[in-house]
Amino acid sequence: MDFELGESQRELRELARAWVDKEVVPHAAAWDRAESVDTAIVGKLGEMGFLGIEIPEEYGGSGGTALDYCLLLEELGRGDSSVRGIVSVSLGLVGKTIKTYGTAEQKREWLPRLCSGESLGCFGLTEPGTGSDAGNLTAKAVRGGDDWLLSGTKIFITNGTWADVAIIFARSGGPGPKGVTAFLVPTDAPGFQRTEIKGKLGLRGQATAELVLDGVRVPDTARLGDEGQGFKIAMAALDKGRMGVAAGCVGVARGCLEAAVKYAREREQFGKPIASYQLVQELLADIAVDVEAARLLTWRVADLVERGKPFGTEASVAKLFASEAAVKAANNAIQVFGGYGYIDEFPAAKYLRDARVLTLYEGTSQIQKLLIGRALTGVNAFV
Ligand code: FAD
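For clarity, every value in this text was computed on a predicted model and none was experimentally measured.

Draft legend 1. Here's a closer look at the layout of surface pockets. Here the largest pocket is characterised by a volume of approximately 1400 Å³. Residue lining of the largest pocket: 50 residues in total, with Thr-126, Gly-131, Ser-132, Glu-362 and Gly-363 positioned closest to the centre. Elements with a minimum of two residues in the lining of the largest pocket: helix 5 (81-101), strand 3 (147-158), helix 7 (230-266), helix 9 (312-337), helix 10 (348-356) and helix 11 (365-377). By residue number, the principal contributor to the lining of the largest pocket is helix 7, which donates six residues.

Draft legend 2. Seen up close, the pattern of salt bridges. For the structure on display, the rule yields 29 salt bridges. For Glu-258, the salt bridge is made with Arg-254, and the minimal N-O distance between the two is 2.9 Å. Placement of the pair is Glu-258 and Arg-254 together in helix 7, with a separation of four residues, close to one helical turn. Given the relative accessible area of 6%, Arg-254 is considered buried. Measuring nitrogen to oxygen at the nearest pair gives 2.9 Å for the salt bridge that ties Arg-307 to Asp-303. Put simply, Arg-17, Asp-21, Glu-74, Glu-75, Arg-78, Arg-254, Glu-258, Glu-292 and Arg-295 are held in one network by salt bridges that share partners.

Draft legend 3. Focus on empty space enclosed by the protein. Inspection of the entire model under this criterion finds one cavity of 30 Å³ or more. Counted as a void, the largest cavity has a volume near 40 Å³. Taken together, Tyr-69, Ser-88, Gly-92, Lys-96, Lys-240, Gly-241, Gly-244, Val-245 and Glu-362 make up the full set of residues lining the largest cavity. When residues of the lining of the largest cavity are traced back to their parent elements, those giving at least two are helix 5 and helix 7.

Draft legend 4. Spatial organisation of the side chain of Gln-106. Checked against the element boundaries, Gln-106 lands in helix 6 (residues 104-116). Judged by relative accessible area, which is 3%, Gln-106 ranks as buried. Of note is the side chain of Gln-106, whose polar atom sits 2.9 Å from the backbone nitrogen of Thr-103. When residues no more than four places from it in sequence are discounted, the contact partners of Gln-106 are Ile-98, Tyr-101, Leu-111, Leu-184, Thr-221, Ala-222, Arg-223 and Leu-224.

Draft legend 5. Spotlight on the UniProt feature "domain: Acyl-CoA dehydrogenase/oxidase C-terminal" (unreviewed entry) in the chain. Taking the UniProt record as the reference, the feature "domain: Acyl-CoA dehydrogenase/oxidase C-terminal" (unreviewed entry) is found at residues 228-376. Helix makes up 76% of residues 228-376 and strand 3%, whereas the separation of the span's terminal C-alpha atoms amounts to 28 Å.

Draft legend 6. Seen up close, the site of the ligand. Near the ligand, the surroundings consist of 16 residues, among which Phe-123, Thr-126, Ser-132, Phe-156 and Thr-364 are the closest. At 2.8 Å from a nitrogen atom of the ligand is found a side-chain nitrogen or oxygen belonging to Thr-158. When the ligand is considered free in solution it has 970 Å² of accessible area, and contact with the protein chains removes 67% of it. For the shell around the ligand, the secondary-structure elements that each account for two or more residues are strand 3 and helix 11. A per-element tally of the shell around the ligand places strand 3 first, with three residues. By residue class, the composition of the shell around the ligand is nine nonpolar, six polar and one charged. Counting the residues that make up the shell around the ligand, at least three belong to each of domain 2 (123-227) and domain 3 (231-377).

Calculation criteria
Residues numbered from 1 in each chain as written. Predicted model: local features only at pLDDT ≥ 70, side-chain atom pairs only at ≥ 80, totals over all residues. Heavy atoms only, no water. 1 Å grid on protein atoms, 1.4 Å probe; cavity = no way out; pocket = protein on both sides within 12 Å on 5 of 7 lines; lining within 4 Å. Points joined across faces, edges and corners; volume = space filled by probe spheres on them. Helix = DSSP H or I, 4+ residues; strand = E, 2+ residues; numbered from the N terminus. Salt bridge = Lys/Arg side-chain N within 4 Å of Asp/Glu carboxyl O. Buried < 20%, exposed > 50% of the residue type's maximum accessible area, 1.4 Å probe, protein only. Polar contact = N/O pair within 3.5 Å; in protein donor to acceptor, adjacent residues only side chain to side chain. Contact = heavy atoms within 4.5 Å. UniProt positions renumbered as here; feature names shortened; annotations may be inferred. Near = heavy atom within 4 Å. Areas by Shrake-Rupley, 256 points an atom, 1.4 Å probe, with all protein chains shown as cover. Nonpolar A, V, L, I, M, F, W, Y, C, P; charged D, E, K, R; others polar. Domains from an automatic or database assignment.

Set out below in C-alpha cells:
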C-alpha cells in the first residue's frame, strides 16, 4: 500500500489549490449573496483542463485518473461547493457517462465542448414524484417514426438553466427500472422549458432548475446506450458521482478546519487565544479526524476505480461518511467562530448551508445505508 501522492498528482493538487485561491475563494461569498456564480468561471475551468479530467485527449479531455479527479474536487469543494457541483455534474455525471456509453459520434459531438467549457451538461433523473425511487420515474419516451418524443418533468436539476445538453431518463418500456432509456437532449430543442428554482438553503451560486419536456423530438441517434439500459446507466453514473461528491465533502471539511484553526489562534477571550482552551481544541480535533478518514475512504474508491474493481458499496460508504462529516465540520467551525460564525462575513455559515445538501443528493444518507445494508446482508430493504 502506498499513501503517498505521485509527483504529477502533487503538481495537480498545487495547481488546483492556487487556482481556487485566486479565482474562487475571493468571490464565493459574493456569488452566494447574488445567488449566482459568475458564469465566466465555466470557461476558466475549461481553460485549466478541469472539465476534462478522465476524458481522453482525443475528445478534448485532459486525461488523468480517478484520484486526479478527487484531488481537484477536494480543492473546488474547499473553495465553493457551487463551483464544485458544476464540475461534478457537467464532467462527472454527463461527460464521463457519454465517454462510457456514448457512440463515437456522440462523443465527438459533445465531449470537446463539455471539456472546454463551451457547453455545460445536466443530468435529468429526479422527478417531482420520484426522488429516491428513481427507478419508477414517469417521463415518457414514445416512438414517433424514426424519432423519439419525450415528455415529462424533471426537478432539482443542477446546471439546468445553463446547460446545453441534458441526459434525460425517460420510460420507453414497461414499469420499473428496466423500462427506462437515456437520451442526450439539446436544451434548445422545441418543447424544452427550464425554470430556475430560487430560495435554496445552500449551493446558491449554482443554477438548479425544473425541466419540462413537452413532446421534445430527438432522433434515435440521441439515444444513449440501449433501450431499457437507462436506469443502469444512471446508477453507474451515480456510483462514480458519489466518489466525487465525497471528495467535495472532504474539501468542505478541510476548508472548515483551516478557517477554524486560523480564527482560534487569532481570537482572544479571557486574555488568551481561544485555541489554548481544550474544549476548542476538541472541536478542531474532531474535524481533523473526519477530514483524514473521509479522504482515505474517498481515495480508496479512486484506487478501486483505477484497478477496475467493483467500487459501488465503497462509494456509498465514502459518500455517507464524508457528507455527514462535512455537516459536522461546518457546525463545529461555527462553534469555534462563535457569533461571527453565524454571519457570512466569515466562511463557516456558507460551509454549513452548502454541506447540508450533500447528505441529500446523489442518494440521501438513508439510501446510502440501504445500499450498504443490501451489500452486507443480500436483502433489499428499499421496498
Ligand atoms: P425523497 O426520495 O422523497 O426522500 C424523502 C426522505 O425519505 C429522505 O429522508 C429519504 O432518505 C427518505 N426515504 C426515501 N425512501 C426511503 C426508503 N426506502 N427507506 C428509508 N428512507 C427513505 N437530481 C437529478 O436528477 N439531477 C441533479 O442534477 C440534481 N441536483 C440536485 C441539486 C440540489 C440542490 C438538490 C436539492 C437536489 C438535486 N437532485 C438532482 C435531486 C436529489 O438527487 C433528490 O432530491 C434526492 O435523490 C432525494 O429525492 P427527494 O428529494 O424526492 O426525496
